[in-house]
Amino acid sequence: MPEQKSKGEAYQMKRTINKSMISIALVLVFFLMSGCFDSIEVDEMAYVVSLGIDKGLEGNLILSFLFAVPISVGVGGEIGEVEKSTTLITVEASTINGAVSIVNTLISKRINFSHAKLILISKELAQEGVEKYINALIRYREFRPNMYIAISRGMAEEFLNAVRPVLEINPAKFFELFMVSYKYTGYSPRSELERFYMKMECTCNQPVAALLDINDLSDSSEFSRVLSGAKINNHDNMEGNYKAGEIPVISDTKSSSMGLAVFRGDKMVGEMAGREALSFLIVTGELGLVYYSIPDPVEGETYRPGELMGIESEKKFVSLRLGMARKPSVKVSIKDDKPIINVNIFLEGDILSVDSDQDYSLREQLNILEQHTAEHIRKSVYEFLVKTRDEFKSDICGTGRPVKKTFLYWDDWIAFKWMDKYENAEFNVEVKVSIRRSGVMAKHVPLSQLKGKDK
Amino acid sequence: MKQKIKIGNFEAFCILINMFCTKLILDYPRFVAEEGGTAAWIIVLLVSLVLFVIFIIMARIYKNFSGKDILDVAESSLGMPGKIITGMLYILQFLYLVSIVLREFAEDIKVISLTTTPISIIIMLFCIGMLTGAFLGIETLARINAFSVPVLAAAFLLILFLSIPRFDTSKIAPWLGPGPAAIMKELIPNISAYSELIVLFFIIPYLDGKSDYVGIGKYAILVSGFFYTICTLTYMLVYQYPMATEFFLPVYQLARSIGIGRFLSRIEAIFILVWASSAFLYLSSGLYFITFLFKKSFGLKTRKPLIIPFAILIFSIAMTPENLYPAIRIEMEFYRQYAWILTIIVPLFLLITAYARTKIERRSISNEANN
């Protein structure tokens, strides 16, 4: 009996020890899980919304950090002040991280890039090569892969200094929405950091980036100067045929995004205008729903190029909303070591406005409009592709991808040297446009038919 | 009376799936991309099929030893010294595996989440989870695996599924990468990815049916082969070779890049949850098997007093590599080249010799009886 009693006591003792151990462990866990050891509070960090990189002296960089000022953005339901929602700090340093350290000595908070939306590299720097900067950005976990990258035609610092979001108080949201406008304008490419890096490292594709600049026009009298400088050819001078900074527009928001920066490897080799960016989006199948104006197929001939004043009444356009009906088909065949690139595009659109008296609700007229639009787009896409080949020698549309698929072995593909072959490519572009809808009007009864001309 | 340990078939299946697939969320897709280039996913698929065939052969031989674990087989084959040597071999394998996985998990957590926390504190935190799991034993671990693995698998599949919009088939072209000879050369060393298959031969005595291990093994290889293939394929379809060899945490990178609309972004938070849970289960199971093997090899009565000494040993080994690179290099250049020997050759050798020895013994007994 005493032996049984002592066994029972030992068992009870063991249970008590176990319970005590578990209680101690739980208390310890509470301390460990509180995370105070190395925590950084949200208000202890300074959030960069955009980083500008310019060329400095003697191989240095000029880095411009555009910070969000949360207190000015607004607290709770209170609306802040747009003018003070950002602050810019510019510093010269050898590296991005070196600049971060310098700025950290100036401000009371620690710099954080996890909400950064835009990396802006100056054209001057991009022409020398961006690989080392892109590598630094990709490697650092705070820079998100889907943040935007763009090329500033002037200094990135000047651009960030001039940016004044008027309609959006949150600067991060402003940059985010600003850079996705390509979806409904078609005037700039999709330009994300990881996509850029992927294309830079790709053996069958070259990268592009959005082109940004400041629009500093103060009066509409300056429009003619800008328009004459922005003309691409003699028959077509319409919206979108500009590069950023050359747009005939006056606004409080000085920032403008139009056109694309073309790269070969990590070096910027040229610029393209907004309409060419649209062709890029069409060939790559990234076109959203965009407004597209073309000269009227029947009455558009009255338009006289090169003259602006006093001929407005003679300009007749048809405005469409265009989108991809299907993904474009890009097929490549190699003939005598020369790539023959066949691009097949199928777009669909709605009529938004017709300046002329033509009734495009009739089948024959609609056919004319569809064919005219298709031909117009075919021509601009063809000219765009030729320009990538002859002027830039850069396969920015990734037409090498179908060629890569015909290879079985990696070594054979590398030895094939697609990028060299692209310089001799021939293009065949076919475009089909289908007009699906005509807005809320089924047909248009022109005033001239009712009251006679000039009444 | 002490209750007998029992593990259900699904529970055993989940233990194996977690132990196989933990590598997927570490660095396996990158590792195989380095070896197979654009044909990495073909290597992974073929490895799973080859292992499936090898396992069927092993299971057929193992039929003669139903209900016995691999240490019992080693005893039948080479006697007590054989049992101890085999036990020590697998203890060393698991000591290495658990230590290196612990270090890799801790380093990865430091890079992506707890950037300013000392590595020793992170390893210690993992050790607490590992100790708790190993202390509670295989039944508890099996039950936790059974309800965690389906949830973790669903979260993992969600990450892969959300990557579909970024697929580009040209990224896995040229289709045969370095060529058929190079692919075939990589098949056998890559079986090392499934080196934890040996766990199945440890838990056979705990299973309900004597031959259930065959089904568990077959399904575990097929399901994890599916996960391995779709994960590697997804990674390669998003990041082309040679870029695919650059990211040290491929699935984390996939998760980080997912952005569907303005609301569905930064979903790597799901990944970190999947990752930490899977790591705790892997490390706990690993420590459990180390103590189990030690106890069984040396015929000890209890296992629990071994947990803390082995945990300290694992902590020390995990802290030995100076930085992340030697830890990864050792694993790539050494472990993954030769671990298949422990998974395939050693068990096959033991099974064949034990089978032969049993047959000889039976024959001699019948001869004696006849005489």
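Small disclaimer: the values here were computed from a predicted structure and weren't measured.

Trainee: Kindly report on the interface of chain B and chain A, identifying the contributing residues and their values.
Mentor: Every contact between the two is made by 21 residues of chain B and, on the other side, 21 residues of chain A. At the level of secondary structure, the elements contributing two or more residues to the side of chain B that touches chain A comprise α4 (70-112) and α10 (250-257) of chain B. When the residues that make up the side of chain B that touches chain A are grouped by side-chain class, the tally is nine nonpolar, 11 polar and one charged.

Trainee: Residues and numbers for helix α2 (residues 28-36) of chain B, please.
Mentor: All names here are of chain B. Here α2 lies mainly inside the structure; eight of its nine residues are buried. In this fold, the buried residues of α2 make contact with α1 (9-25), α3 (40-62), α7 (180-190), α9 (212-238), α10 and α13 (324-370). Of the residues flanking the end of α2, it is G37, one or two places downstream, whose phi is positive at about 55°.

Trainee: Describe the pairing of strand β5 (residues 118-122) of chain A, and please don't skip the residues or the numbers.
Mentor: All names here are of chain A. Counting buried positions along β5 gives five out of five residues, so the element sits mostly inside the fold. Going residue by residue along β5, you find L118, L120 and S122 tucked away on one face and I119 and I121 tucked away on the opposite face as well. Sheet analysis places strand β1 (residues 45-55) next to β5, joined by four bridges and oriented parallel. Bridge pairing links L51 to I119 in β5. Pairing between β5 and strand β6 (residues 148-152): five bridges, direction parallel. Across the sheet, the residue bridging to I119 is I149, located in β6.

Trainee: Let's hear about the nonpolar core: which residues, and what values?
Mentor: B:L16, B:L102, B:F126, B:M236, B:V251, B:L283 and B:L287 are the most contacted members of the largest nonpolar core, which totals 118 residues. Residue contacts for B:L287: discarding those within four places in its chain leaves B:V98, B:M130, B:A134, B:I307, B:F310, B:A311 and B:I314.

Trainee: Please set out the confidence of the model for chain A residue by residue, giving values where relevant.
Mentor: A low pLDDT means the predicted coordinates there should not be read in detail. When pLDDT is averaged along chain A, the result is 87; 89% of the residues meet or exceed 70. Contacts for the low-pLDDT stretch residues 303-313 of chain A, under 50 throughout, to residues beyond four places or in other chains number 12 contacts.

What counts, and where the lines are drawn
Residues numbered from 1 in each chain as written. Chains lettered and ligands numbered in written order. Predicted model: local features only at pLDDT ≥ 70, side-chain atom pairs only at ≥ 80, totals over all residues. Contact = placed C-beta atoms within 7 Å. Helix = DSSP H or I, 4+ residues; strand = E, 2+ residues; numbered from the N terminus. Nonpolar A, V, L, I, M, F, W, Y, C, P; charged D, E, K, R; others polar. Buried ≥ 20, exposed ≤ 12 C-beta atoms within 10 Å, placed from the backbone. Pairing = 2+ DSSP bridges. Core = buried A, V, L, I, M, F, W, Y, C linked by C-beta atoms within 7 Å. pLDDT = per-residue confidence, 0-100.

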